[in-house]
Amino acid sequence: MKMIITLIGILFTTMLWGQSMQELNNADKLKYFFQKLDKNSLNLITEFYHPEVDFIDPVGKIKGANAIKAYYEGMYKNVKSIKFDFTQVYESGNTVIGVWTMTLETDKLNGGEPYSVDGNSVVTFGPNGQAIYHRDYFDMGAFVYERIPVIGYVIKKLRANMEHSQK
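What counts as what
Residues numbered from 1 in each chain as written. Predicted model: local features only at pLDDT ≥ 70, side-chain atom pairs only at ≥ 80, totals over all residues. Heavy atoms only, no water. Helix = DSSP H or I, 4+ residues; strand = E, 2+ residues; numbered from the N terminus. Buried < 20%, exposed > 50% of the residue type's maximum accessible area, 1.4 Å probe, protein only. Contact = heavy atoms within 4.5 Å. Pairing = 2+ DSSP bridges. Axes fitted to C-alpha atoms, helices over the stretch in contact; angles between N-to-C directions. Polar contact = N/O pair within 3.5 Å; in protein donor to acceptor, adjacent residues only side chain to side chain. Core = buried A, V, L, I, M, F, W, Y, C linked by side-chain atoms within 4.5 Å. pLDDT = per-residue confidence, 0-100. Salt bridge = Lys/Arg side-chain N within 4 Å of Asp/Glu carboxyl O. Expected span 1.5 Å × (residues − 1). Arc of directions from axis to C-beta.

Attention now goes to the overall build of the chain. The secondary structure content of the chain amounts to six helices and six strands. Listing the helices and strands of the chain from first to last along the sequence gives α-α-α-β-β-α-β-β-β-β-α-α. Out of the 167 residues belonging to the chain, those deemed buried represent 40%. Residue pairs at least 24 apart in sequence account for 47% of intrachain contacts in the chain once pairs closer than 6 positions are excluded.

Quick look at the structure:
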C-alpha cells in the first residue's frame, strides 16, 4: 500500500510539474528538488534520494531516504514558507555543488518574521540518477541560535567582539 501511495505521488508530481526529475541533468535536479520541496511535496524525497543515501548537515548524519523524509517532516512541520535561491551551481561528473540562500518563515524563530541564511549543498548522484550522498554546509548560529532571544543576543555579541579583534 505504501508503495502504491508513493507511486501515485510521483505520478501526480510528474503531471503537476510536467516532468520527472529523472529527465533533468544533475544540476537541474538539485535546483528543482529544493525549489519544489515543502511540507506538501515530501513525496519528492523518494524520487530524488537513493534508498541508502548518506545525508550530513550541521545537525547530524542520516542514513536512508526514509530517515531523511522523517527528518524533513519534523523540520517542515512548523515552516510557513521556505525558498531556496541558487546563486551558483557547479557540476563535475556526478557531483553537484549548489550555492544558495534559504529564506525561511516559521513562528518558532525570529519572531515569526522571514529571514535568510546562506549555505551550499554537495550532492553526488549514483548510476540510477538518484542522490547517494548529500552534505549541507551552513552557519547553524545564523540559522537557529541567533534567532533565539537570550542565546541569540550572546552569540551576536561574541561575533561582534571577534570581528573587531580580527581587524
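Here we take up the sheet that holds strand 4 (residues 95-106). Judged by pairing direction, the sheet is mixed, and its six strands sit side by side in the order 2-1-6-5-4-3 without closing on themselves. Unpaired on one side and paired on the other, strand 2 (60-63) and strand 3 (79-92) mark the two borders of the sheet. Neighbour to neighbour, the strand axes of the sheet diverge by 20° on average, direction disregarded. Bridge count for strand 3 against strand 4 is 12 bridges, and the pairing is antiparallel. Looking at the pairing, V79 lines up with T106 of strand 4. In this fold helix 2 (residues 26-36) packs onto strand 1 (49-57), strand 3, strand 4, strand 5 (115-125) and strand 6 (131-138), with an angle of close to 170° to the strand it touches most, strand 3. Packing against the sheet, helix 4 (residues 65-76) makes contact with strand 1, strand 2, strand 3 and strand 6, and its axis sits at approximately 50° to strand 1.

Every buried residue of helix 2 is listed here: N26, A27, K29, L30, Y32, F33 and F34. Capping the start of helix 2, N25 holds a side-chain oxygen 3.1 Å from the backbone nitrogen of A27, two or three residues further along.

Turning next to the environment of Y32. Its place among the elements puts Y32 in helix 2. With a relative accessible area of 9%, Y32 lands in the buried category. Taking the C-alpha atoms as reference points, Y32 and F84, 52 residues apart in sequence, are found 10.0 Å from one another.

If you look at the biggest cluster of nonpolar residues, it comprises 35 residues, and the most contacted ones within it are F33, F48, Y49 and Y72. Elements with a contribution of two residues or more to this core: helix 2, helix 3 (44-48), strand 1, helix 4, strand 3, strand 4 and strand 5. For Y49, the residues in contact, after removing those within four places along its chain, are F33, F34, F55, A65, I68, Y72, Q130, A131 and H134.

Attention now goes to the confidence of the model for the chain. Mean pLDDT over the chain: 81, with 71% of residues reaching 70 or higher. When mean pLDDT is compared element by element in the chain, strand 1 scores highest at 97, while helix 1 (residues 2-17) scores lowest at 44. pLDDT under 50 marks residues 1-17. Its contacts with residues more than four places away, or in other chains, come to 16 contacts.

The next thing to look at is the pattern of salt bridges. Enumeration over the complete set of coordinates arrives at five salt bridges. A salt bridge links E105 to K80; the shortest N-O distance between them is 3.9 Å. Note that E105 is positioned in strand 4 and K80 in strand 3, a separation of 25 residues in sequence. One salt bridge in this structure joins K83 and D85, with 3.5 Å as the shortest N-O distance. The class for K83 is partly exposed, based on a relative accessible area of 48%. Among the residues examined, D85 registers a relative accessible area of 33% and is labelled partly exposed.

Moving on, we come to helix 4. The end-to-end C-alpha separation of helix 4 is 16 Å, in line with the 16 Å expected for 12 residues at 1.5 Å each. Within helix 4, the full set of buried residues consists of A65, I68, Y71, Y72 and Y76. Take helix 4 and look down its axis: the buried residues cluster within an arc of 115°, on one side only. Close packing links the buried residues of helix 4 with helix 2, helix 3, strand 1, strand 2, strand 3 and strand 6.

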